[in-house]
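Secondary and tertiary structure notes
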Amino acid sequence: MNTRRRFSILFLLLLVWLSLPGRLSAQFREQVEVRTDRSYFMAGETLWFGVQRNPGSDVFSTVVYAELVTPRGTPVAQKKLALDESGATGSFLLPGDLSSGSYYVRAYTKWMRNCGPESFAYSGVRIYNPYSQLVLPVDTLTSLTLGSPESDEDASRDLQVRLPGTTFANREAVELELGWTGRGEAGVSVSVVPRGTLAETLLRSEDCRPEAHGPGEVVAEIQDASLSGSVVDASTGDPVPFATIYLTLLGAQRVFQCNYADSSGRFYFSFPGEMGSQDVFISAFREGVEKVELLLDQDFSTDVLSLPSLPVNPPAELDTALRNLSLNAQIARQYGMQEGTTPAGGATETSGFPLFYGSPSAVIRFDDFIRLPTMTEYFTEVVPQVSIRRTRGMRHFQVLGEHPDLLVYPPLLLIDGVAIFDLEAILALSPRLIERIEVVNAPYIHGNVTFGGIISLVSRNNDLAYIDLPESGLLVDFRMLEPEGAGMPAPELAEALPDVRNTLLWMPRIVLPAGETQTLTFRTGDTKGSYEAVVRGWDAWGQRIVRRLPFDVE
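What counts and how
- Residues numbered from 1 in each chain as written.
- Predicted model: local features only at pLDDT ≥ 70, side-chain atom pairs only at ≥ 80, totals over all residues.
- Heavy atoms only, no water.
- Pairing = 2+ DSSP bridges.
- Helix = DSSP H or I, 4+ residues; strand = E, 2+ residues; numbered from the N terminus.
- Axes fitted to C-alpha atoms, helices over the stretch in contact; angles between N-to-C directions.
- 1 Å grid on protein atoms, 1.4 Å probe; cavity = no way out; pocket = protein on both sides within 12 Å on 5 of 7 lines; lining within 4 Å.
- Points joined across faces, edges and corners; volume = space filled by probe spheres on them.
- Nonpolar A, V, L, I, M, F, W, Y, C, P; charged D, E, K, R; others polar.
- Polar contact = N/O pair within 3.5 Å; in protein donor to acceptor, adjacent residues only side chain to side chain.
- Buried < 20%, exposed > 50% of the residue type's maximum accessible area, 1.4 Å probe, protein only.
- Phe/Tyr/Trp six-rings, centres within 6.5 Å; stacked < 30°, edge-to-face > 60°.
- Salt bridge = Lys/Arg side-chain N within 4 Å of Asp/Glu carboxyl O.
- pLDDT = per-residue confidence, 0-100.
- Contact = heavy atoms within 4.5 Å.
- Core = buried A, V, L, I, M, F, W, Y, C linked by side-chain atoms within 4.5 Å.

A short note on the sheet that holds strand 30 (residues 474–479)
Spatially, four strands are ordered 17-16-19-30 in an open sheet, and the strand pairing comes out antiparallel. Strands at the two margins of the open sheet, each flanked by one partner only, are strand 17 (256–260) and strand 30. Ignoring strand direction, the axes of neighbouring strands in this sheet form an average angle of 25 degrees. Pairing between strand 16 (residues 244–249) and strand 17: five bridges, direction antiparallel. If you follow Leu247 over to strand 17, its bridge partner there is Gln257.

In structure tokens:
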């Protein structure tokens, strides 16, 4: 064996070894950081946040989960956002009935859930509610370390932050110049806020290396949002291996997916490109199992959490700033100017939706024929591509065609894009509710499942013709990815309306190449007082950089 061939074989074996699940968990780790535009907020305001990948970490997930939680982990608001190399951005509209107290914005990926909540990223915030006397209980006991992040003085000196002055008028356009004189690139976020309202406190999280925590049970999301779970025997609770799982998004596109569960009854679906909340119908079937049950995994972490709940009494030097925050928030509420997040609406239902299989082999429109009283007669008289046969006393459909595999695999039976297993339920439908039947008379492979053709019924009103859906089925309001924003939008206010913004500028993701400068423009509001521009981030070597530049609005 020559040297080149021996090297090729060894290299191939190395690739196979590295591709083993245990090796993947040992090679990769994920760690992120979450930053907010301020640290102090009033109930009813908008909290802006950004999620960044920590330098040196291997973030391969494409979805990040962001939550506003109490110190005991009770979620107040939740977001599911696309995560890329530059991170992710989003915002929470704080409920007006929140109790005053310490809260946390936390961020994590599904992969990080294998390591537990200690590996998540946390940023502490204080929220005050001038309309309520309720206060979260104080409890400082925690196993996690809380503290202000330390910046590197040398790296911070390489970050240049300049303003054209130290005092500005109300509603004046101000240019903020950023420059980086260090090596490589710096990635930063920029906040312009009342002075003292950004006192960043982070919980130092550990690297997520699942091999240190046992075998990983949560699959990393590498194709946008995902839904996973298990299928079990409803009578015994035992896993049902290799059951067929059917899933349909009940939106305008009627996206259909199917797959086999694995040997332990686990299944997994991903939804590339899907956005907003959508209704999902999912069901399962396994021949020989009388009744199966689907157990869906939780999207967001439900692990027990214990974070510090600190006293809400603010420092004396923040009295004026917090008083202004409260006054501005109340004025914004009176004028209906709360900066809410863009609703993440899913697709709306409509008739005439396209189905996944494209052009069918045959289309039978019921209005082209005389009315028949039963679905059985329609299939017998006007759908020659399908026959109803009886085996061991049970009726079943058979798609007819030239392909011999049509006799091997059962057909896929659909109504409005939803899989149905019970032929008798189809035959019991009222024909007046059906607009057409589409037939694909050739074997069809979808996912890793092969079907002996497709029989697809389309109702007149896109209402599933009121059929009895499979008993194993679940209708889920599933949250796909939500739209993200590049930062806080610039206000467009009429002169007669008050400009009571508490955050004048929030830019969560800025890349500063070495030796170059960038200019950001913001506008001051109507509130006089002391402000500061705060620039935070990392250099190319993972050194934390922070610069603060104060100014006044008079």
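Right, picking up where we left off after that structure.
Details of the layout of surface pockets
A volume near 1,200 Å³ is recorded for the largest pocket. Around the largest pocket, the lining is made up of 33 residues, and of these Phe285, Glu287, His396, Pro410 and Phe421 lie nearest the centre. Looking at the lining of the largest pocket, the elements with two or more residues in it are strand 16, strand 23 (394–399), strand 24 (412–415), helix 6 (423–427) and strand 28 (449–451). Looking at which element gives the most residues to the lining of the largest pocket, the answer is strand 23, with five residues. Its volume calculated, the second largest pocket comes out at about 450 Å³. Lining the second largest pocket are 19 residues; nearest its centre among them are Arg53, Glu85, Ala186, Gly187 and Val511. Those elements that provide at least two residues to the lining of the second largest pocket are strand 3 (46–53), strand 13 (185–194) and strand 31 (505–513).

Section: empty space enclosed by the protein
With the rule as written, the count across this model stands at one cavity of 30 Å³ or more. Approximately 40 Å³ is the volume attributed to the largest cavity. Forming the walls of the largest cavity are Met42, Ala43, Pro130, Tyr131, Ser326, Ala329, Gln330 and Arg333. Counting residues per element, the lining of the largest cavity draws most heavily on helix 4 (residues 319–334), which supplies four residues. For the lining of the largest cavity, the residue count by class is five nonpolar, two polar and one charged.

So, the side chain of Thr36
Structurally, Thr36 is set in strand 1 (residues 32–36). A polar contact of 2.6 Å, which involves the side chain of Thr36, links it to the backbone oxygen of Arg38.

Observations regarding the sheet that holds strand 18 (residues 266–270)
The three strands are arranged 18-15-20 in an open sheet whose pairing can be described as antiparallel. At either margin of the open sheet sits one strand with a lone partner, and together these are strand 18 and strand 20 (292–296). Neighbour to neighbour, the strand axes of the sheet diverge by 30 degrees on average, direction disregarded. Relative to strand 18, strand 15 (residues 226–233) is paired through five bridges, and the arrangement is antiparallel. Paired with Ser230 across the two strands is Arg266, which belongs to strand 18.

What about the pairing of strand 15?
It is a general feature of regular strands that their side chains alternate between the two faces of the sheet. Within strand 15, eight of the eight residues are buried, which leaves it mostly tucked inside the rest of the structure. Alternating residues of strand 15 divide into Ser226, Ser228, Ser230 and Val232 and Leu227, Gly229, Val231 and Asp233, and every residue in both groups is buried.

Side note on the packing of aromatic side chains
By the definition in use, this model includes 21 aromatic pairs. Ring geometry for Phe267 versus Phe269: centroids 6.1 Å apart, planes at 55 degrees, classification tilted. In this structure an aromatic cluster arises from ring pairing among Tyr246, Phe256, Phe285, Phe356, Tyr357, Phe421, Tyr444 and Phe451.

Considering the pattern of salt bridges
Note that side chains of opposite charge can pair when their charged atoms are close. Per the counting criterion, the structure on display carries 23 salt bridges. Residue Glu33 pairs with Arg544 through a salt bridge whose shortest N-O separation is 2.8 Å. Taken as a pair, Glu33 in strand 1 and Arg544 in strand 34 (residues 544–553) lie far apart in primary sequence, 511 residues in all. The exposure class of Glu33 is buried, given its relative accessible area of 5%. Ionic pairing is found between Arg106 and Glu67, a salt bridge with its closest N-O pair at 2.9 Å.

Quick look at the confidence of the model for the chain
For the chain, per-residue confidence averages 84 on the pLDDT scale, and residues scoring 70 or more make up 84% of the total. Per-element mean pLDDT across the chain ranges from 41 in helix 1 (residues 3–18) up to 96 in strand 11 (residues 167–168). Confidence over residues 1–26 falls short of pLDDT 50; this stretch has twelve contacts with residues more than four positions distant or in other chains. Scored below 50 in pLDDT, residues 340–351 shows 26 contacts in the model against residues more than four places distant or in partner chains.

With respect to the nonpolar core
Grouped together as the largest cluster of nonpolar side chains are 56 residues, with contacts concentrated most on Phe49, Leu68, Val231 and Ile245. At six residues, the largest contribution of residues to this core is made by strand 4 (residues 63–69). Setting aside its immediate chain neighbours within four residues, Val231 contacts Asp238, Pro239, Val240, Ala243, Ile245, Ala261, Gly265, Phe267, Ala284, Val292, Glu293 and Leu294. Listed in part, the 32 residues of the second largest apolar core include Val382, Val386, Leu423 and Ile467.

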